[in-house]
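Remarks on the overall topology
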Protein chains: 2
Amino acid sequence: MAQSVRADSQSLKDEQVQTGRPGSQNGQSVPSQMVNGNGRSKEDSSKAWKEEITRMLGGKEGNWSDSQWLQAQIDKRCVDNMRMLVVDSVNTAKAGHPGLPLGMAEVGYVLWRHTMKYNPKNPNWFNRDRFVLSAGHGCLLQYITLHLSGYDSVQIEDLKQLCQIGSRTPGHPENVTTDGIEVTTGPLGQGVANAVGLALAEKHLAARFNKDDAVIVDHRTFCIMGDGCAMEGIANEAASLAGNMKLNKLTVIYDDNHNTIDGPTSLTFSEDVGKRFEALGWNRIVIDDIYHDISSFKNAVLTEAAKSDKPTFIQVKSRIGRESVKEDTAKAHHGTFDEEDVKHMHKNLHWEDREPFYVIPQVYEEFTNHANHGVAEEEEWNKSLEDYSRKYPNEAREFKQLISGQLPDNWEEALPQFSADEKIDATRGYSEKCLNAVSKVLPGLIGGSADLASSNKVYMSDFPDFSPDTPEGRNVRYGIREHAMAGISNGIALHNSGLIPIAATFLIFSDYMKNAMRLSALSEAGVIYILTHDSIGLGEDGPTHQPVEQLVGLRAIPGMYVLRPADANEVVGAYKVAISRRHEPTVLSLSRQKVSANIAGSSPEGVLKGGYVVSDNTDSNGLPELILIGTGTELALCEAAAENLRHDGKKVRVVSLVCWQLFDQQSEEYREKILPSKVEKRISVEAGSPLGWREYVGSKGKVLAVYTFGCSGAYTEVFKKYGFTAENITKVAQELLAEA
Amino acid sequence: MAQSVRADSQSLKDEQVQTGRPGSQNGQSVPSQMVNGNGRSKEDSSKAWKEEITRMLGGKEGNWSDSQWLQAQIDKRCVDNMRMLVVDSVNTAKAGHPGLPLGMAEVGYVLWRHTMKYNPKNPNWFNRDRFVLSAGHGCLLQYITLHLSGYDSVQIEDLKQLCQIGSRTPGHPENVTTDGIEVTTGPLGQGVANAVGLALAEKHLAARFNKDDAVIVDHRTFCIMGDGCAMEGIANEAASLAGNMKLNKLTVIYDDNHNTIDGPTSLTFSEDVGKRFEALGWNRIVIDDIYHDISSFKNAVLTEAAKSDKPTFIQVKSRIGRESVKEDTAKAHHGTFDEEDVKHMHKNLHWEDREPFYVIPQVYEEFTNHANHGVAEEEEWNKSLEDYSRKYPNEAREFKQLISGQLPDNWEEALPQFSADEKIDATRGYSEKCLNAVSKVLPGLIGGSADLASSNKVYMSDFPDFSPDTPEGRNVRYGIREHAMAGISNGIALHNSGLIPIAATFLIFSDYMKNAMRLSALSEAGVIYILTHDSIGLGEDGPTHQPVEQLVGLRAIPGMYVLRPADANEVVGAYKVAISRRHEPTVLSLSRQKVSANIAGSSPEGVLKGGYVVSDNTDSNGLPELILIGTGTELALCEAAAENLRHDGKKVRVVSLVCWQLFDQQSEEYREKILPSKVEKRISVEAGSPLGWREYVGSKGKVLAVYTFGCSGAYTEVFKKYGFTAENITKVAQELLAEA
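In this convention, every chain numbers its residues from 1, walking through the sequence in written order. The order in which chains are written sets their letters, starting at A; the order in which ligands are written sets their numbers, starting at 1. Per-residue local features are limited, in this predicted model, to residues with pLDDT of at least 70; the limit for side-chain atom pairs, both in listing and counting, is 80 or more; totals at the level of whole chains, interfaces and linings are taken over all residues. The basis for every side-chain value is the complete set of non-hydrogen atoms in the structure, without hydrogens or water.

**Brief notes about the overall build of chain A**
- The helix count covers DSSP runs of H or I at least four residues long, the strand count covers runs of E at least two residues long, and both are numbered beginning at the N terminus. Helices and strands together make up the secondary structure of chain A, namely 28 helices and 19 strands.
- Throughout, radius of gyration means the C-alpha value; the globule benchmark is 2.2 Å times the number of residues raised to the power 0.38. Here chain A has a C-alpha radius of gyration of 29 Å; the compact-globule value for 740 residues is 27 Å, and the two agree.
- Its C-alpha atoms give chain A principal-axis dimensions of roughly 100 × 60 × 50 Å.
- Within chain A, the fraction of its 740 residues that count as buried is 67%.
- Taking contacts inside chain A between residues at least 6 apart in sequence as the whole, the part at least 24 apart equals 76%. In this scheme, a residue with accessible area under 20% of its type's maximum is buried, one over 50% is exposed, and one in between is partly exposed, where area comes from a 1.4 Å probe on protein chains only. Throughout, a residue-residue contact means that at least one pair of heavy atoms, one from each residue, lies within 4.5 Å.

**A few points about the sheet that holds strand β9 (residues 445-449) of chain B**
Residue and element names in this part refer to chain B.
- As summarised here, the arrangement of the five strands in space is β9-β10-β11-β13-β12, forming an open sheet in which the pairing is parallel. A strand with exactly one partner marks an edge of an open sheet, and here the two such strands are β9 and β12 (561-563). Taken pair by pair, the neighbouring strands of this sheet meet at an average axis angle of 20°, ignoring direction. At least two bridges found by DSSP between two strands are what make those strands a pair. The convention used is that axes are lines fitted to C-alpha atoms, helices contributing only their stretch in contact, and that angles between N-to-C directions extend from 0 to 180 degrees.

**Here's the deal with the packing of helix α2 (residues 42-56) of chain B against helix α3 (residues 67-93) of chain B**
Residue and element names in this part refer to chain B.
- Closest axis-to-axis distance for the α2/α3 pair is 10 Å, and the angle between their directions is 75°. On the basis of their axis angle, the class for α2 and α3 is roughly perpendicular. Listed contacts from α3 to Trp 49, Glu 52, Ile 53, Arg 55 and Met 56 of α2 are Trp 69, Leu 70, Gln 73, Ile 74, Lys 76, Arg 77, Cys 78 and Asp 80. Roughly parallel means an angle under 35 degrees; roughly antiparallel means over 145; roughly perpendicular covers 65 to 115; every other angle is labelled oblique.

**Side note on the domain arrangement of chain A**
All names here are of chain A.
- For the domains described, the bounds stem from an automatic or database domain assignment. Taken as a whole, chain A is organised into domain 1 (9-378), domain 2 (411-595) and domain 3 (608-738).
- Spacing between the C-alpha centres of domain 1 and domain 2 amounts to 36 Å.
- Each partner contributes residues to the interface: domain 1 has 32 residues there, and domain 2 has 31 residues.
- Carbon and sulfur atoms make up 69% of the area that domain 1 and domain 2 hide from each other, which totals about 2600 Å².
- By definition here, a salt bridge exists when the distance from a side-chain nitrogen of Lys or Arg to a carboxyl oxygen of Asp or Glu is within 4 Å. Applying the counting rule to domain 1 against domain 2 returns zero salt bridges.
- N or O atoms closer than or at 3.5 Å make up a polar contact, with two conditions inside protein: a donor-capable atom paired with an acceptor-capable one, and, for residues adjacent in sequence, both atoms drawn from side chains. At the junction of domain 1 with domain 2, the criterion picks out 12 residue pairs in polar contact (both at pLDDT 80 or more).
- A total of 14 residues in the side of domain 1 that touches domain 2 trace back to one element, the largest contributor, which is helix α8 (residues 190-209). When two parts are put together, the accessible area they lose, computed with a 1.4 Å probe and summed over both, is reported as buried area.

**Notes on the relation of the copies chain B and chain A**
- When chain B is fitted to chain A, the best match, at an RMSD of 0.0 Å, comes from turning it 180° and sliding it 0.0 Å along the axis. In short, the pair behaves as if placed about a two-fold rotation axis. Relative to the rotation axis, the closest C-alpha in chain B is found at Gly 233 of chain B, a distance of 1.7 Å.
- Counting the interface residues of chain B, we find that 100% of their copies in chain A are interface residues as well, pointing to one common contact surface. When the copies are superposed, the least-squares fit draws on C-alpha atoms of residues that have pLDDT of at least 70 in both.

**Quick look at the nonpolar core**
- Core analysis: the biggest nonpolar cluster contains 98 residues, and Leu 628 and Phe 724 of chain A together with Leu 628 and Phe 724 of chain B have the highest contact counts within it.
- Working definition of a nonpolar core: buried Ala, Val, Leu, Ile, Met, Phe, Trp, Tyr and Cys residues. They are joined through side-chain atoms within 4.5 Å. By size, the runner-up hydrophobic cluster in this structure holds 81 residues, among which are Ala 199, Phe 209, Ala 239 and Met 245 of chain B.

**Things to note about the UniProt feature "domain: Transketolase-like pyrimidine-binding" (unreviewed entry) in chain A**
- In the UniProt entry, the feature "domain: Transketolase-like pyrimidine-binding" (unreviewed entry) is given for residues 425-597 of chain A.
- As annotated, residues 425-597 of chain A comprises 33% helix and 16% strand, and the C-alpha atoms at either end are separated by 7 Å. UniProt positions are given in the numbering used here, feature names are shortened, and annotations may be inferred rather than shown by experiment.

**A closer look at the sheet that holds strand β10 (residues 500-506) of chain A**
Residues and elements named next belong to chain A.
- Strand order across the open sheet formed by five strands is β9-β10-β11-β13-β12, with parallel pairing between neighbours. Both edges of this open sheet fall to β9 (445-449) and β12 (561-563), since each of them pairs with a single strand only. Averaged over all neighbouring strand pairs, the angle between strand axes comes to 20°, with direction disregarded.
- Two strands pair when backbone bridges link them, and strand β11 (residues 528-532) and strand β13 (residues 586-589) are joined in this way by four bridges, in the parallel orientation. Residue pairing across strands places Leu 531 opposite Ser 589, the latter belonging to β13.
- Strand contacts of helix α16 (residues 427-439): β9, β10 and β11, with the helix running at about 150° to β9, the strand carrying the most contacts.

**Some points on the UniProt feature "binding site: thiamine diphosphate" (unreviewed entry) in chain A**
- Here the UniProt-annotated "binding site: thiamine diphosphate" (unreviewed entry) positions come out as His 137, Gly 186, Pro 187, Leu 188, Gly 228, Asn 257, His 333 and Phe 509 of chain A. Across 373 residues in sequence, these annotated residues place their C-alpha atoms as far as 33.7 Å from one another, rather than forming a single compact spot.
- Mapped onto the fold, Leu 188 of chain A is located in the loop between α7 (156-160) and α8.
- Accessibility expressed as a relative area gives 14% for Leu 188 of chain A, which makes it buried.
- Residues in contact with Leu 188 of chain A, not counting those within four places in the same chain, are Ser 134, Ala 135, His 137, Gly 228, Cys 229, Glu 232 and Ile 234 of chain A together with Ile 480 and Tyr 512 of chain B.
- When you line up the elements, Phe 509 of chain A lands in the loop between β10 and α19 (514-522).
- The buried category is assigned to Phe 509 of chain A, whose relative accessible area is 7%.
- Residues contacting Phe 509 of chain A, with those up to four places away along its chain left out, are Glu 482 and His 545 of chain A together with Pro 187 of chain B.

**As for the pattern of salt bridges**
Residue and element names in this part refer to chain A.
- Following the criterion strictly, the structure yields 90 salt bridges over all chains and no others.
- Linking Arg 319 and Glu 327 is a salt bridge whose minimum nitrogen-to-oxygen distance equals 2.8 Å.
- Take Arg 319: its relative accessible area is 36%, and that puts it in the partly exposed class.
- Salt bridges sharing common partners tie together Glu 52, Lys 76, Arg 77, Asp 80, Glu 323 and Arg 354.

**Comments concerning the side chain of Thr 586 of chain A**
Residue and element names in this part refer to chain A.
- Counting through the fold element by element, Thr 586 comes out in strand β13.
- Separated by 2.8 Å, the side chains of Thr 586 and Arg 581 make a polar contact.
- Dropping the residues within four chain positions of it, Thr 586 is found in contact with Val 527, Ile 528, Tyr 529, Met 560, Tyr 561, Leu 563, Ala 578 and Arg 581.

**Details of the packing of helix α3 (residues 67-93) of chain A against helix α13 (residues 339-348) of chain A**
Residues and elements named next belong to chain A.
- Axis separation between α3 and α13 bottoms out at 11 Å; the angle between their running directions is 165°. When the interaxial angle is binned, α3 and α13 end up roughly antiparallel. In the crossing of α3 with α13, the sense of the turn from one axis to the other is left-handed. Contact residues: α3 offers Met 84, Val 87 and Asn 91, while α13 offers Val 342, Met 345 and His 346.
- Under the grouping applied here, Gly and all other residues not named as nonpolar or charged are polar, the nonpolar ones being Ala, Val, Leu, Ile, Met, Phe, Trp, Tyr, Cys and Pro and the charged ones Asp, Glu, Lys and Arg. Grouping the amino acids of the contact of α3 with α13 by side-chain chemistry returns four nonpolar, two polar and no charged. By convention, the crossing between two helices is left-handed when the near helix turns anticlockwise from the far helix through less than a right angle, and right-handed when the turn is clockwise.

**Points about helix α15 (residues 393-404) of chain B**
All names here are of chain B.
- Multiplying one less than the number of residues by 1.5 Å gives the expected span of a helix. Over its 12 residues, α15 runs 16 Å from end to end, which matches the ideal 16 Å to within 8%, given 1.5 Å per residue.
- If you check which residues of α15 are buried, you get Ala 396, Phe 399 and Leu 402. Seen end-on, α15 carries its buried residues on one side only, within an arc spanning 125°. For α15, the exposed residues lying more than 90 degrees away from the buried face are Asn 394 and Arg 397.
- On its buried side, α15 packs onto α8 (190-209) and α14 (361-391).
- Phi turns positive one or two residues past the end of α15, at Gly 405, with a value near 80°. By arc we mean the arc of the directions from the helix axis to the C-beta atoms, nothing more.

Below you can see the structure in the form of structure tokens.
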């Protein structure tokens, strides 16, 4: 009874060279001359394969001289081994989703064994091919291919820890947990958008940096999507944009297995998905029977898709839970296998008497042989980059700066300084000036709006559009596809090539992309969301367009900073914060209506603390009688109300609480200095939901907020109706001051 | 110089019979024998039309004996008049979106003048055709057709008040503001889903109630969508489901004008939309030039679409801003027209010397002639219903009950009573029992899950699936299309036929349908959202699937009730609340993990107050030292912790705050009774975002919450890691009690 475990790189032992995959020390490359992964001679390998295949064939004689036949048998046996690892993993975890990894094992195998370019010892090599498992519940497929390919991040021990707390193999793939995982997936459809973002980033950088005689950006992006992804709107949005943009190095592989959790897709999903992708401008390939003819898929992915001038959609007719008793039924989607089923599979696959998690040594060899090509290609690429650096030193400098992940020195100096006589504008207008200023010094800035460039004021006017003809352009026109915009932005950010994605729409439509925004935070994607028309102050468009509860909803996302600057000074500060956050997402919440460029006392530096005192007429040792806390356009109203109250002899402080999350992170001492606990008379003024404000105004304070939906009308009238005037704030304050 | 204003029904004057549309008293039907709207003879009308058409032709002689030619001229002139009303309205409002109403005037005209069945004096007549303007910014088209058709809700005065505060003509159509508007639209794509919901409701009711010899449910649903809707994912999801369900009485008309706000669609949207809809299972018709050939569209909508066995997609190649200087450019999308442009249009249309808002009297006649058919059809329908009631008294009783909008008497008695020995289950499990119990007595219940029926436990097992073959079924399988599910549910609710839509998925995926859920609240659609797997307690699936900030995000939606029941008793109470809310949406937040069926002290009645005392060991006159406030599965943990503390001699109250919104609506006295302000030591325990809890625990209380994302692992371990154990709550409480 043989038992093979993937060697832990920390405790590699000699005997494992016999029985397991040869390990390599963490971070070290496998020497490319080690053609066979475990250092055995070709002859030894051939002999071992012959034995294994004879076993697989139940002792029948093979056609050993036919190399094509032999390769097919090797392919088949590798896939068998992957399937058994799937079963062993879910049964050990007593959790997980075997359906996809069993059904799509051939696809995973062909990608990692025959197709993709990667170096398992340097998972972050810039020019690697990218893979996204949009149907993230099938993560075992990815964990197993990463393991077999030689990534240190997934050892056999990790497969045994599937879904266990603290493991590197959580229930859905997480880029922040497991090296080799590019993006975090699970919520369906998101991965398709991420893949579009990765492919867009590649196309963009290739157009900017490649030269006829020096190519340094050149990789493909692969994605597996399931029926769920096919149904989700975000995937259609993203695919439509990919078709428009002719992202020809993107290949999406559709697990067309005709089953979802609730049963056969015929219940609810009878459309012609392939025809839809054709309509979206994609090249469509159908693989009718990958199980019996793996070469058709190899050909599709290696040749047909590779030469397409459009993105390619490969429709793989598969069977969920293949080789198990649950094959081709919805039951295979998730859950474990009982003893009988495992026995049955062992018999069918001639796998008897093997321990769980057994890996045939030659299977490791197969993957390593391929991975070694990637190792060699990285070496080649390093040389190309040196060559490029000599020929094109300026471009090389910019390129290296980008992929270093560091911002250029002193970039902040490019931000405008707004003087007191700056023309009055909306905060979206001040943002436009900041964006265009920094776009000149930040070569990574790329992005745009969901068809509201002119309204969001998000357009970098020194640069062309990103389009099929000008992929070097940095303004991406996302169309009216908010959800895809955010998902694509995550992909751009997680290309990890120094690109800084900007995604803009109205604040209200953050509702359309909420899950993708959440995934920005969860997957540490430094997307900058510019969300304008940020309150009922947008006026005429009415309640369907007037955000109320959006601010609190976004503030509640762990790790998402929401900044609502009050004037031009604060917009500058907000840009400093947002651009510095390269591994966390940020929302800039901006107004449609105009506000003074400089509220006396506002400052970019104040913004960096999240909250600060804008004005106060209290003696330096004393405490104010009242604190008005405002954000965004309402800060100016607080100031005006404070002036009224001070005129009546009151001691009033005005605090700008431009970013709750930043303020919460300041020291207790600082927070106490700004909002002294002894001053219990406080009023918050924000034209949004009241939820969350109690934290800052305390039990005795008042929350001036929007408690219902907005309404259509001129902005000044709407603001008046809802109490957002200096007069009303003054009145509320007088009442509060009069209380005991 | 003639001036014509639509008569206000309150102040109808004789001279208006000469110059304007004949009014009719509010709520009264126009007698069907009044073939010409203003009571003039046919001869007078013909003469008037001859004069008007001669003017339109610039004095050229017409082909008066050719009735087809004459109808075409009349059609043209009606459309001219509609266009001028568009221009006058936006110019008066100095706001609004003229692009679509100018470009699609012919479509609006054909629908209201030649096609749709409606009674303007009874906008809520059950068997009317339904219309949805998914491209809601084009609301002027709808306001103008409503006006010309004779709806009291839109007078000329209302057109003059476009986008003004308090008007009946807000910036986007609102069903709660304007009679004749079926659903609230504006956020793009939503209307397509709403229309699918309306058509689904019709198909369902028709299958349930129509008999071979008695048809009482029989109407069509029309929808206009724009490029924005075509791009939004929700529309694709909804259209895919409509194709699958063969909703053949649904006709979607696509304003294919090749322009969006940011410019030509070629920038970002080059797909073949019509082919996509074909792939989705729709019948596709292309209208190449509606402007010059209105009859092709008439034929498509009146004949081809009417006889299709699939939903029909009519692709109307139009020009945005038609007849204006901005025609065929993105500039026409929104904004006003300057004097020169108006003069130019007047000249082109031979409209000189007419005042703003002029309506040719015969135009009113045309619309009224058609509307009168609807009036007659309602009379016919009333007779059919009487006939039906005689032949099928039982079905008639159920049908009338449904369309009354009232719930059946004593329906609550069907809810189960859970005894103390009820088998332990998740709250989703108790919900399943409640749902199946009430489904027997509530004939309106219809809906299902986004491919998670077995996980959400949302399936009414006494009833079949809604499918093309069994449209009488009440279980709708939405597929993995959360956003469309919510939008369709809104349509079902706003069909206003007593149907009670249920929409189920994991709580985390409320993020996918957030905007549609918001629109449930805004448009007063009584959708019941059953959202399970409602915390990090779902375990293995990990942070992508573990909701954290979703509860607070949903609680922040004005008018949305979020109930998070703690056990079987509270689930019963939550059903009482949700089902009673026929014009407001409700979220039931339910667990995956199991909890005791009966926490001592919990009750359905308590739920109706939103918050109540579950247990307290304080003397009846005294106050507790500490209040533990829990929701959902964490209430049982609070109870266990309270027991620990009481064992140590502490006086501890446990409060279930199952629904914040309901609790907030109780009297101050009641709230003070439950959470006495003197008891400042309070701890909230909820496995979700801390945001908002300060309101209930006060400045000195503690918020035990989830401050980061969750993680993959067994639920008990995850809960332990984040502090959700009786032991940790006890410890936190002891610390708080020890504070001064």
